[in-house]
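# Observations on the three-dimensional arrangement
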Number of protein chains: 4
Amino acid sequence: MDELEIDAVAEVELDDPVLVEGLPGVGHVGTLAVEHLLEELEGESTLVRRIYSREFPPQVSVEDGVSELTCAEIHAVEGSDGRDLLLLTGDHQAQSNDGHYTLTDAFLDVAEEFGASEVYALGGVPTGELIDEYAVVGAVSDESLLERLEDAGVEFREDEPAGGIVGVSGLLLGLGERRGFEASCLMGETSGYLVDPKSARAVLEVLEDVLGFDLEYESLDERADEMEEVIGKIQEMEQQQQMDVPTDDDLRYIG
Amino acid sequence: MDELEIDAVAEVELDDPVLVEGLPGVGHVGTLAVEHLLEELEGESTLVRRIYSREFPPQVSVEDGVSELTCAEIHAVEGSDGRDLLLLTGDHQAQSNDGHYTLTDAFLDVAEEFGASEVYALGGVPTGELIDEYAVVGAVSDESLLERLEDAGVEFREDEPAGGIVGVSGLLLGLGERRGFEASCLMGETSGYLVDPKSARAVLEVLEDVLGFDLEYESLDERADEMEEVIGKIQEMEQQQQMDVPTDDDLRYIG
Amino acid sequence: MDELEIDAVAEVELDDPVLVEGLPGVGHVGTLAVEHLLEELEGESTLVRRIYSREFPPQVSVEDGVSELTCAEIHAVEGSDGRDLLLLTGDHQAQSNDGHYTLTDAFLDVAEEFGASEVYALGGVPTGELIDEYAVVGAVSDESLLERLEDAGVEFREDEPAGGIVGVSGLLLGLGERRGFEASCLMGETSGYLVDPKSARAVLEVLEDVLGFDLEYESLDERADEMEEVIGKIQEMEQQQQMDVPTDDDLRYIG
Amino acid sequence: MDELEIDAVAEVELDDPVLVEGLPGVGHVGTLAVEHLLEELEGESTLVRRIYSREFPPQVSVEDGVSELTCAEIHAVEGSDGRDLLLLTGDHQAQSNDGHYTLTDAFLDVAEEFGASEVYALGGVPTGELIDEYAVVGAVSDESLLERLEDAGVEFREDEPAGGIVGVSGLLLGLGERRGFEASCLMGETSGYLVDPKSARAVLEVLEDVLGFDLEYESLDERADEMEEVIGKIQEMEQQQQMDVPTDDDLRYIG
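Computed from a prediction, not measured in an experiment: that's the story for all the values here.

Before going further, it helps to spend a moment on the overall build of chain A. Along its length, chain A carries seven helices and 11 strands. Taking 18 Å as the expected radius of gyration for a compact globule of 255 residues, we find that chain A reaches 18 Å, a close match to that expectation. Principal-axis analysis of the C-alpha atoms gives chain A an extent of 55 × 50 × 35 Å. Across the 255 residues in chain A, those meeting the buried criterion constitute 56%. The contacts in chain A between residues at least 6 apart in sequence include a share of 76% that link residues at least 24 apart. Counting only carbon and sulfur atoms, one obtains 39% of the accessible surface of chain A, whose full area is about 11300 Å². Computed over 13 positive and 63 negative side-chain charges, the inter-centroid distance for chain A is 3 Å.

Okay, structure coming up:
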């Protein structure tokens, strides 16, 4: 296995597509958002690339008894009403600092190959508490990108995100800028405790605005309702006893 | 020392052999199983390869005062009634993510060299509690392999293994599939607390079925009886006081 | 992204400049000192190099909504009364042992490029308690450098720094010596609990002496007064309750 | 800085020398032993090699204000009554698994350069409690080496060392064997709590026997007496209160 192995699964002609990244992160916001996009745009999307790497954890996932080696996937979407898209998903981030640089460069290579020059990294910014209003906080690789996003309702706050943006999302901005991309990061506010479908929806509504497509949100809203129930039960239990924050494993079962 | 050094200790002509992997893991199930195979098939087996690597921990084991550098070993078995085999054993796994990829590729290289195209990775899946029935849970690199194993009594469960399969066992499926191997992982249920000879036996019984050989289980059963005694004593002690789970060191002394 | 990418932002002719390093460390002494130098010498300084590296954490900082990839910066200062300077700043150190060697060599490469043969690494040495007197402890790459610094008030103590000097500051001495540089490390005593402007001032006063420039200290003194207030409040609170040492995050808010 | 930089400080003609390794480890036994050898054989010894490496921690030690980059040193000893020696000392081991392999190969390269084919790795084996009798436990790279060492009083025990021998000492046996060296490891029993001069003496008495030189032990015995006093005080204090085991830092101050 080389450091990177990119399998060309299919070829699709795209016109000035936008790379949209949804790898795992805070509240799984980015992942939920891009998976919802894939679901909604299923008719127009094609799996084009699988990216394997020694930088991914050495493991396989198993579904219905069949194994699949850790990888990231890129789907090409020929937008009917909106922009053409390259949707990046995966179950894992790189396992080393160095690996984040390697993988981000690989994702940008694929984006260039398809003629993309714009990137949206999607994620969550943790508030540390349960919230009712779901703002979307932003960061861009160049100030020329601020206005359009502000018009779409994105907030650019002076002290946020504190500590910057870490991992592939941050490097899509940092390396993207050095490679001539216009890169933006949209981070939905989220408690950080739970998989957060409402936060994913807030981020998608911004994307709808800037990328020109229309989405239904029924399945995301259903998940949001399920989460409401779970939150309600958690709060009940909290009042009864000291309780640990649900772990990611618990949440995978829920989400 | 290079990243990999493979010593050719002997050469043996094999006919379409099957690589069977038993490196350390949960409950030492894979290790026990393959060591039992080696014991039972001693007359037909030859040490053919020793694999040294910078990916192994930098240490030597000492037996009767003589040192041995950490390595993995491959024995060739010219099966009298069953398939020809390549049996992979070792005391350690790779110490880094990257190292797992390197070592798995090395094991598959040796397998190819001997003309193998099938792999069985043996291990344990932890139940978190002591059990009476020993099911064998499976995962395969391609769905065409499901039926034969189901016939042999292997269970393919929807949610298992949760979190996938990590390490060399998982990569033998993941990288094996990419390199044209038919790879299967057989995982004996085990508490995960103890070295588990009963779980090893359950896995070996599946192998007997699919690979066509006949094994005696006397020594494994003896070890199982010893374990029963230990479990009994542990349960007595537990009822008397708060007790830590026996460590691997305690268990090496027992097992 | 290569292991190192050095952007030449501007070119400046310098005459026998001195490299002064102020990367993050104990009490942020080095960082405060060099940032104060940059502030005071703004009219004479030019950003000449940005150093990006896979050895830096994979992240971007965000200011006013615009991202910036982690890097170290070197400003050239054409000294009006004092020596010409190369001022090295950054928000992060290397993230691996190996990385420290790589980055230090890169900084010395830039220094050589500009004709420098002298290096001052600035930092703090923790006393473990709040102090009133701010001595500057020193270490040099060659004993010929001792006298001049002793004349400037630097203390060379027999048992200090205990454990030597770790990270880029230490390697600027170690690798600097091997590459023909005259390297010195000036460490202001500091509690280690807080960002310490008084310690930074003590170190700068030594530099003024040896490098021949004159500095105002108004802004540093203002920060010192703010710290006094904070220390006062902390001591009050301590007398009231058990209190954790302020974290770096708290201190970034203060500092 | 390359991965390895070996400075040839001086050249000395040696006749079939023996490499003796005393890098930091359990009870500092190996370090104490080789430093005592260096002290006793000062008139016959010459520093011949300094080994710098990115595998060493990125730091400098400071003595009398002057810095020294982390390195290992090799002194050549032209034995007057005993064998010629190559004495290996240093303050640090490699910081990564991979690094241990790299450094051990470097040490063996230097040994080969000087015509050595025998290696003694010196260290301690922890008993976990204070002891009165100081046995020396052994391990060898080949069984042909057992007899001579047994005659010198070395004990080869069936279950020891449990867990094998880790780090450079272990690899000097493991890699030494593969490179044609006769390698032995001598481990003085020690509590593991303290720097242990008595353990170092026990190991040196074996070396005197096999390598044919005569040593005085006055300075080591003085240190042993100091340790006795410290142990006495510790036992007193223990009887008075719950007490933490002295740290390495405390012990450096003592030792």
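Let us now look at the relation of the copies chain B and chain A. Between the two copies, chain B and chain A, the superposition gives an RMSD of 0.0 Å; the rotation angle is 90° and the shift along the axis is 0.2 Å. Accordingly, the operation relating the two chain copies is best matched by a four-fold axis. Taking C-alpha positions as the reference, the residue of chain B nearest the rotation axis is Ser96 of chain B, at 7.4 Å.

A separate point is the interface of chain B and chain A. Opposite the 28 residues of chain B that make contact, chain A presents 19 residues. Together chain B and chain A conceal approximately 1800 Å² of surface at their shared face, both sides included; 52% is due to carbon and sulfur atoms. Among the residues chain B hides against chain A, the three largest losses belong to Asn97, Tyr101 and Arg178 of chain B. Together they make up 36% of the total. Linking chain B with chain A are three salt bridges. One salt bridge connects Arg54 of chain A with Asp98 of chain B, and the closest N-O pair in it is separated by 3.1 Å. At the boundary of chain B and chain A, one finds 12 residue pairs in polar contact (both at pLDDT 80 or more).

Turning our eyes to something else, we now look at the environment of Ala111 of chain B. All names here are of chain B. Mapped onto the elements of the fold, Ala111 is located in helix 2 (residues 97–113). Of the residues examined, Ala111 reaches a relative accessible area of 0% and is grouped as buried. Here the alpha-carbon distance between Ala111 and Asp7, two residues 104 residues apart in the chain, equals 14 Å. For Ala111, the residues in contact, after removing those within four places along its chain, are Leu19, Leu86, Ala116 and Phe181.

Below, the discussion takes up the interface of chain D and chain C. On the side of chain C, 28 residues touch chain D, which itself brings 19 residues to the contact. Carbon and sulfur atoms supply 52% of the area buried between chain D and chain C, which totals about 1800 Å² over both sides. Here Arg178 of chain C ties to Glu5 of chain D by a salt bridge, and the two come within 2.8 Å at their closest N and O atoms. Linking chain D with chain C are 12 residue pairs in polar contact (both at pLDDT 80 or more). Listing elements by their share of the side of chain D that touches chain C, those giving two or more residues are strand 1 (4–8), strand 3 (45–53), strand 4 (59–63) and strand 5 (66–69) of chain D.

Turning next to the pattern of salt bridges. The full count for this structure, using the stated rule, is 72 salt bridges over all chains. With a shortest N-O distance of 3.1 Å, Glu189 of chain C and Arg157 of chain C are connected by a salt bridge. Here Glu189 of chain C is found in strand 11 (residues 182–190), whereas its partner Arg157 of chain C is found in the loop between helix 3 (146–151) and strand 10 (165–166), with 32 residues between them in sequence. Three or more residues joined by partner-sharing salt bridges are found here, namely Asp105, Asp109, Glu112 and Arg179 of chain A.

Here we come to the confidence of the model for chain A. Per-residue confidence for chain A averages 91 on the pLDDT scale, and 95% of its residues sit at or above 70. The ipTM assigned to the predicted complex is 0.88, against a pTM of 0.89.

All names here are of chain D. With their axes 8 Å apart at the nearest point, helix 5 (residues 197–211) and helix 6 (residues 218–240) run at an angle of 145° to one another. Across from Pro197, Lys198, Ala200, Arg201 and Leu204 in helix 5, the residues of helix 6 making contact are Leu220, Asp221, Arg223, Ala224, Met227 and Glu228. Class assignment for the residues of the contact of helix 5 with helix 6 results in six nonpolar, no polar and five charged.

Okay, the packing of aromatic side chains next. Scanning all chains against the criterion turns up zero aromatic pairs over all chains. A cation sits over an aromatic face here: Arg178 of chain A above Tyr52 of chain C, 3.9 Å from the ring centre.

We now examine the arrangement of the chains. Structurally, chain B and chain C remain out of contact, their C-alpha atoms never closer than 15 Å. A minimum C-alpha distance of 15 Å separates chain A and chain D, which share no contact.

With two bridges joining them, strand 10 of chain C and strand 4 of chain D adopt antiparallel strand pairing. Residue pairing across strands places Ile165 of chain C opposite Val60 of chain D, the latter belonging to strand 4 of chain D. Sheet analysis places strand 4 of chain D next to strand 5 of chain D, joined by four bridges and oriented antiparallel. Within strand 5 of chain D, the residue paired with Glu63 of chain D across the bridge is Val66 of chain D. What sits between strand 4 of chain D and strand 5 of chain D in their antiparallel hairpin is a turn of two residues, with Asp64 of chain D showing a positive phi close to 55°.

Turning our attention to the pairing of strand 8 (residues 118–126) of chain B. Residue and element names in this part refer to chain B. Here strand 8 lies mainly inside the structure; eight of its nine residues are buried. Sheet topology places strand 2 (residues 18–21) next to strand 8; four bridges connect them, and they run parallel. Each residue of the ladder has a partner; that of Leu19, found in strand 8, is Val119. Where strand 8 meets strand 11 (residues 182–190), nine bridges bridge the pair, whose relative direction is parallel. Within strand 11, the position partnered with Gly124 by the bridge is Gly188.

Time to look at the environment of Ala33 of chain A. Residues and elements named next belong to chain A. Inspection of the secondary structure puts Ala33 in helix 1 (residues 29–40). Classification of Ala33 by relative accessible area gives buried; the value is 0%. Taking the C-alpha atoms as reference points, Ala33 and Leu207, separated by 174 residues in sequence, lie 9.9 Å from one another. When residues no more than four places from it in sequence are discounted, the contact partners of Ala33 are Leu122, Ala200 and Leu204.

For the rest of this paragraph, the subject is helix 2 of chain B. Residues and elements named next belong to chain B. Along its 17 residues, helix 2 runs 25 Å from first to last C-alpha, staying within 8% of the 24 Å computed at 1.5 Å per residue. Across the 17 residues of helix 2, 12 count as buried, placing the element largely inside the fold. Immediately beyond the C-terminal end of helix 2, within one or two residues, lies Gly115, with a positive phi of roughly 85°.

The next subject is the packing of helix 2 (residues 97–113) of chain D against helix 4 (residues 168–178) of chain D. Residues and elements named next belong to chain D. For the pair helix 2 and helix 4, interaxial distance at closest approach is 9 Å and the crossing angle is 65°. In the crossing of helix 2 with helix 4, the sense of the turn from one axis to the other is right-handed. Mapping the contact onto sequence places His100, Tyr101, Thr104, Asp105, Phe107 and Leu108 in helix 2 and Val168, Leu171, Leu172, Leu175 and Gly176 in helix 4.

To continue, consider the environment of His100 of chain D. Inspection of the secondary structure assignment puts His100 of chain D in helix 2. Distance from His100 of chain D to Phe56 of chain D, taken between C-alpha atoms, is 9.7 Å for residues 44 residues apart in sequence. When near neighbours in sequence (up to four residues on either side) are disregarded, His100 of chain D contacts Pro58 of chain B together with Gln93, Ala94, Gly167, Val168 and Leu171 of chain D.

Right, let's get into the side chain of Glu5 of chain C. When you line up the elements, Glu5 of chain C lands in strand 1 (residues 4–8). A distance of 2.8 Å separates polar atoms of two side chains, one belonging to Glu5 of chain C and the other to Arg178 of chain A. Not counting the four nearest positions on each side in its chain, Glu5 of chain C is found in contact with Arg178 of chain A together with Arg50, Ile51 and Tyr52 of chain C.

Scanning the model with the defined rule gives zero disulfides over all chains in all. Cysteine Cys71 of chain D shares no disulfide, and the gap to the nearest cysteine sulfur, in Cys185 of chain C, comes to 19 Å.

Cut-offs applied
- Residues numbered from 1 in each chain as written.
- Chains lettered and ligands numbered in written order.
- Predicted model: local features only at pLDDT ≥ 70, side-chain atom pairs only at ≥ 80, totals over all residues.
- Heavy atoms only, no water.
- Helix = DSSP H or I, 4+ residues; strand = E, 2+ residues; numbered from the N terminus.
- Rg over C-alpha atoms; globule rule 2.2 N^0.38 Å.
- Buried < 20%, exposed > 50% of the residue type's maximum accessible area, 1.4 Å probe, protein only.
- Contact = heavy atoms within 4.5 Å.
- Areas by Shrake-Rupley, 256 points an atom, 1.4 Å probe, with all protein chains shown as cover.
- Lys, Arg positive; Asp, Glu negative; His and termini not counted.
- Charge placed at Lys NZ, Arg CZ, Asp CG, Glu CD.
- Least-squares fit on C-alpha atoms with pLDDT ≥ 70 in both.
- Buried area = accessible area lost by both parts, 1.4 Å probe.
- Salt bridge = Lys/Arg side-chain N within 4 Å of Asp/Glu carboxyl O.
- Polar contact = N/O pair within 3.5 Å; in protein donor to acceptor, adjacent residues only side chain to side chain.
- pLDDT = per-residue confidence, 0-100.
- Axes fitted to C-alpha atoms, helices over the stretch in contact; angles between N-to-C directions.
- Nonpolar A, V, L, I, M, F, W, Y, C, P; charged D, E, K, R; others polar.
- Phe/Tyr/Trp six-rings, centres within 6.5 Å; stacked < 30°, edge-to-face > 60°.
- Lys NZ or Arg CZ within 6 Å of the ring centre and 35° of its normal.
- Pairing = 2+ DSSP bridges.
- Expected span 1.5 Å × (residues − 1).
- Left-handed = near helix turned anticlockwise from the far one by under 90°.
- Disulfide = S-S within 2.5 Å.

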